[in-house]
Amino acid sequence: MRYEEICLIMETPILARLYRRFGLDILEENGIRITGLDCSPILAPVAYEKTKPDIDYSKKNIKLAFSKDEISYYFNHMPKSTLILNVVNYRPESRFIYKAITKNHLAFFYMMINVDAKRSFADRGKAYLHDLSLKRILYSLNLRIPKGIFRYRSAEFVMGGGFDEAYKKLFWKTQMCNRNTKLMYAHTNDYDECIRIQNEPRLIAEDYCVFIDECFPFHPDLLGNGIELNPQLYYTDMERFFRFIENEFNLQVIIAAHPRSTYIEKKEYFQGCRIIKGKTCLLIRDAKFVIYHKSNSISSIVAFRKPIIFSTNNEIEMKFIEGALTIRRMAKTLGKPVLNVSNLYNKKMIEVFLSIDNDKYTDFMTQYICKDYNGKVEGKLIGNILLDYLKD
């Protein structure tokens, strides 16, 4: 066995769903020891404060680190037979982690988790200028410093999905990769879930459409970067649109709640809608169509060939410009417009979204989701691909 242990390192709290998402459940079932390191108190304090882990860290061998010294101690005592799954973005604040990995001669790998169509120079400029801050300037300068001068260890390999070269180049540029870093083709994590749930029974017997919630007004990543959407304005617009859909199309709108949301517990928003958490992929599979902003669930939507209503509202447009640009970019790639639900709309406008361009969906699959896509939702699970690598 090449490695006997996998350590998951995160800059946000570690949730139970991530074990399945990263294929760690399969590794664990096959005798691979799984450990974890939660660096959120240092790297993402807002996420640490606002996200309550849904697993017992002590039972899952997860260390919660409150200082750089703790993290250094953790790496100093890590067995050399450990392979690190690194989900900590390379940036000035996280360099100490890469330094500790290098000092202790530890191996690590990345997963290209996010799905995003190619960004134009104009889009990058708009987002940069709108969200200009000291943090963003430091990050940009960091990308311009030749990584070789730090002599940090590079990733052993990167697990990727589609064959889009622009996305690969961007990943290699922004993360700790070099010419020796191998690209291990698999598919996106969300597509992995599509394969897993194909034969599961329906959750809801009657017809419905589903909204993929991103919890924008309360998302720790946005709040941590100073992006604050007004909850009242955001949810009022979305709830009004859902009522319109239900009345005009005689379909209930199901809310596929974001993993970090607390709608079910607090019952403050999406009044009158059924809210389901932790079943997004299954809800997408059986939906008539999907109401969507931006998320990695696009893998499931495209894989199951579902029509998409690309939606935004004034709060997103004014305060989360990078998100608004991403919505437009994804919509354009799949041949659809974008609907601002803060404005007037009618049934005819919605019907434009309820068909798909099969050629564009297939291109998107091979470009960004699964390089070897053959028209069917199938493939080897990420956990099994990793298991083969560890045994090789």
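Source: prediction; values computed, not measured.

Novice: Teacher, can you tell me more about the pattern of salt bridges here?
Specialist: In a structure, side chains of opposite charge can pair up when their charged atoms sit close to one another. As enumerated under the stated definition, the model contains 17 salt bridges in all. In this structure, the salt-bridge partner of arginine 285 is aspartate 286, at a minimum N-O distance of 2.9 Å. The buried category is assigned to aspartate 286, whose relative accessible area is 15%. With a closest N to O distance of 2.9 Å, glutamate 317 and arginine 328 form a salt bridge. Within this pair, whereas glutamate 317 is found in helix 16 (residues 314–319), its partner arginine 328 is found in helix 17 (residues 321–333), the two being separated by 11 residues in sequence. One network of salt bridges, with partners in common, ties together Glu11, Arg91 and Glu93.

Novice: Would you mind showing me how to read the pairing of strand 9 (residues 252–257) here?
Specialist: On a regular strand, one side chain projects to one face of the sheet and the next to the other, so that they alternate. Of all six residues in strand 9, five are buried, a share of seventy percent or more. Note: strand 8 (residues 208–212) against strand 9, five bridges, orientation parallel. Paired with isoleucine 212 across the strands is alanine 256, a residue of strand 9. Here strand 9 pairs with strand 10 (residues 274–277) via four bridges, running parallel. In the sheet register, alanine 257 faces strand 10, and the bridge partner there is lysine 277.

Novice: In this structure, what is going on with the packing of helix 5 (residues 68–76) against helix 6 (residues 95–103)? I would like to understand it.
Specialist: Between two packed helices, what matters for the description is the angle formed by their axes and the separation of those axes. Running from amino to carboxyl end, helix 5 crosses helix 6 at an angle of 25°, the nearest separation of the two axes being 9 Å. Of the possible angle classes, the one that applies to helix 5 and helix 6 is roughly parallel. Between helix 5 and helix 6 the crossing geometry is right-handed. Facing helix 5, whose interface residues are Lys68, Ile71, Phe75 and Asn76, helix 6 presents Phe96, Ile97, Ala100, Ile101 and Lys103. Grouping the amino acids of the contact of helix 5 with helix 6 by side-chain chemistry returns six nonpolar, one polar and two charged.

Novice: Help me out: how do you make sense of the sheet that holds strand 11 (residues 290–292) in this one?
Specialist: Hydrogen bonds between backbone atoms are what pair the strands of a sheet, whose relative direction is either parallel or antiparallel. Read from one edge of the open sheet, six strands run 10-9-8-11-12-13, paired in parallel fashion. Each having just a single partner strand, strand 10 and strand 13 (339–340) make up the two edges of the open sheet. Of the strands in this sheet, strand 8, strand 9, strand 11, strand 12 (308–312) and strand 13 touch helix 12 (residues 231–249), which is tilted by about 140° from strand 9.

Novice: Would you mind showing me how to read empty space enclosed by the protein here?
Specialist: If a probe the size of a water molecule is rolled over the atoms, the empty space left behind becomes visible. Enumeration according to the criterion identifies two cavities of 30 Å³ or more in this entry. Counted as a void, the largest cavity has a volume near 90 Å³. If you trace the largest cavity, you find 15 residues lining it, with Met112, Gly161, Gly162, Tyr167 and Gln367 closest to the centre. Residue assignment for the lining of the largest cavity shows that the elements contributing at least two residues are helix 9 (165–174), strand 7 (182–185) and helix 19 (358–369). Among the elements that make up the lining of the largest cavity, the one with the highest residue count is helix 9 (three residues). For the lining of the largest cavity, the class distribution of residues is six nonpolar, six polar and three charged. What the second largest cavity holds in volume is close to 30 Å³. When its residues are assigned to classes, the lining of the second largest cavity shows five nonpolar, three polar and no charged.

Novice: Please clarify how the packing of aromatic side chains should be interpreted in this entry.
Specialist: Here a ring pair, both rings aromatic, is described through the centre-centre distance and the interplanar angle of the planes. Under the definition given, this model contains 28 aromatic pairs. Measuring from centroid to centroid gives 5.3 Å for tyrosine 90 and tyrosine 98, while their planes differ by 90°, and the two rings are edge-to-face. Tyrosine 90 sits in the buried class, given a relative accessible area of 1%. With centroids separated by 6.0 Å and ring planes inclined at 40°, the aromatic side chains of phenylalanine 242 and phenylalanine 270 adopt a geometry described as tilted. Residue phenylalanine 242 is found in helix 12, and its partner phenylalanine 270 is found in the loop between helix 13 (263–266) and strand 10; the two are separated by 28 residues along the sequence. Phenylalanine 270 carries the same exposure label as phenylalanine 242, and that label is buried. One Lys or Arg, arginine 2, reaches over the ring of tyrosine 389 and ends 4.2 Å from the middle of that ring. One Lys or Arg, lysine 168, reaches over the ring of tryptophan 172 and ends 5.4 Å from the middle of that ring.

Cut-offs applied
- Residues numbered from 1 in each chain as written.
- Predicted model: local features only at pLDDT ≥ 70, side-chain atom pairs only at ≥ 80, totals over all residues.
- Heavy atoms only, no water.
- Salt bridge = Lys/Arg side-chain N within 4 Å of Asp/Glu carboxyl O.
- Buried < 20%, exposed > 50% of the residue type's maximum accessible area, 1.4 Å probe, protein only.
- Helix = DSSP H or I, 4+ residues; strand = E, 2+ residues; numbered from the N terminus.
- Pairing = 2+ DSSP bridges.
- Axes fitted to C-alpha atoms, helices over the stretch in contact; angles between N-to-C directions.
- Parallel < 35°, antiparallel > 145°, perpendicular 65-115°, else oblique.
- Left-handed = near helix turned anticlockwise from the far one by under 90°.
- Contact = heavy atoms within 4.5 Å.
- Nonpolar A, V, L, I, M, F, W, Y, C, P; charged D, E, K, R; others polar.
- 1 Å grid on protein atoms, 1.4 Å probe; cavity = no way out; pocket = protein on both sides within 12 Å on 5 of 7 lines; lining within 4 Å.
- Points joined across faces, edges and corners; volume = space filled by probe spheres on them.
- Phe/Tyr/Trp six-rings, centres within 6.5 Å; stacked < 30°, edge-to-face > 60°.
- Lys NZ or Arg CZ within 6 Å of the ring centre and 35° of its normal.

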